[in-house]
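An overview of the molecular structure
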Amino acid sequence: MSTLSCLASPYRETRYPLSIASYEPRQWAVSCWRGLIFCMLFSVILLPEFSRGGNTTTASLVYAKALGSLRFIDLAIIVLVVSHVAALACSRTKTICFPRALALSGLAFLACIVSGVWYGGLRGGTNFFFDWRALALGIGLYFVWAVWIQTASDVKSAVHIFAIYMAVRIVVLYALHLAGYRETLAGVPIPTFDGPAVSTLVFTALLALGYAGSSRDRSYQLLWAGLAAASCFVVLLCFRRTYWGELAIGTLLLLLLQRHRRIRSAIVVCAMVGLAAALLGQPFYGRLQSFDLNRMDSEFSADNADHLGDLLDGWDQVRQSPIMGIGVGTSYSTWRIRNWKSESVMVHNAPIHVWLKYGVAGLICYVWFHVLLFVWLYKQSKRAAPAHAAFLHAAFAYLLAQFAMTLGFAPWPYSELQLTTLMSFILAAAFMGKQIHRPAWTGL
């Protein structure tokens, strides 16, 4: 593991975990600040960025423009990142770690972004920051998460804060749904339509299943299993096929990785599927059948033609410019989905979108980085201590499931601040947690 930031100290020092049970006033204050900042950022994950319907209308005032192309939330995150980087530079003990195995591919993709912006400018592009803004902010937030995750107890606290926060939000979702404050999809009442929020619930379910399977305490097993069941059920009620797919693939991967209590984890998920099928009835089965792209004539698969047309319109543009794509900040005319939108700036398929915006080199670097990331997570989950292995299993299952779904009709996840905030948290806990649990400072 390489140390990227330990600016105030010319040497590497061995760190020892702080005592988990401590009532020292300073430690109590640090815990309060950590909890406050984490909850604020978790709120960003669940705060819809755009209004429903695929347009660019902001769903909240915090996403409104404040200074040029920067929004209020962009400025807030920049201030937060700068303050944490400054605190890091002044510290003699805090470090920021990142796997050496991912550094080259990550930097290569960032170079492709610069190239895409340059090429887009040559082609008359205007909004150069929109496509990769969320990625840039997510990279900045990695430093924020990592500053607060420096010991084994910090990792444990971060996971518990996330679990408690999500449990409260799930209870609120259930309460609002039962009270009649609902959205509808294909005529079915759903708790929420917001994709990143539902994806976060998928990760919550996988995380809870992982910890339920690794915990030795009976009460903790029941709490984690209850959170997993509640999260799975909300995802199913939301009626979004992309996130049904994420949950299915992620659960399968997690069951393959788990060493203990696989059957119980499978029972929890299957029970929630059965409950959702019984509650929703025929719409549930109709939605399942809509995964068949040959069925484009039912009320639950009417948008399949639009999804396929969106992909084919993007592919036409790639074929016209296979080396450089069309560049960042540009748009293209659509033909197959003109009744939906006559002009588009993105494709609901990650590889085609990356190829379109960042060229073939960008696509190669994008795939290269993710393959190395998945290999790293898988290998480290086999070597890590049981407590951290549960988190690595959930991270691997979720990120690979998300990547698999973006190969179909899901958009590039790095264009949404909600998702990059979540992924920066996952990677910070995974990378920093692995460093903490290593017996010595050795390279990967």
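Quick caveat: nothing in here was measured; it's all calculated off a predicted structure.

Let us now look at helix H12 (residues 350–383). Here H12 is 34 residues long, yet its end C-alpha atoms lie only 31 Å apart, well below the 50 Å a rise of 1.5 Å per residue gives. The sharpest bend along H12 comes to roughly 135°, located at Tyr358. Of the residues flanking the start of H12, the one acting as N-cap is Asn349, its side-chain oxygen 3.0 Å from the backbone nitrogen of Ile352.

The full count for this structure, using the stated rule, is five salt bridges. For Glu49, the salt bridge is made with Arg71, and the minimal N-O distance between the two is 2.6 Å. Residue Glu49 is located in the loop between helix H1 (25–45) and strand E2 (65–67), and its partner Arg71 is located in strand E3 (residues 70–71); the two are separated by 22 residues in the primary sequence. With relative accessibility at 4%, the residue Glu49 sits in the buried group. Here Asp316 ties to Arg336 by a salt bridge, and the two come within 2.6 Å at their closest N and O atoms. Separated by 20 residues along the polypeptide, Asp316 in helix H11 (residues 304–320) and Arg336 in the loop between strand E7 (332–333) and strand E8 (343–344) bring together distant segments of the chain. Look at the salt bridges and you will find they share partners, linking Glu49, Arg71 and Asp74 into a network.

With 20 residues, helix H13 (residues 386–405) should reach 28 Å at 1.5 Å per residue; the first-to-last C-alpha distance of 29 Å fits that figure. For H13, the tally of buried residues reaches 16 of 20 residues, placing the bulk of the element in the interior.

Let's shift gears to unusual backbone geometry. One non-glycine residue, Ala186, lies in positive phi territory at about 55°. Position of Ala186 relative to the elements: it lies in the loop between strand E5 (183–185) and strand E6 (188–190). Relative accessible area serves as the criterion here: at 28%, Ala186 is assigned to the partly exposed category. One non-glycine residue, Phe239, lies in the positive phi region at around 70°.

Rules used in this analysis
Residues numbered from 1 in each chain as written. Predicted model: local features only at pLDDT ≥ 70, side-chain atom pairs only at ≥ 80, totals over all residues. Heavy atoms only, no water. Helix = DSSP H or I, 4+ residues; strand = E, 2+ residues; numbered from the N terminus. Expected span 1.5 Å × (residues − 1). Bend = angle between axes of the 7 residues up to and from the residue. Polar contact = N/O pair within 3.5 Å; in protein donor to acceptor, adjacent residues only side chain to side chain. Salt bridge = Lys/Arg side-chain N within 4 Å of Asp/Glu carboxyl O. Buried < 20%, exposed > 50% of the residue type's maximum accessible area, 1.4 Å probe, protein only.

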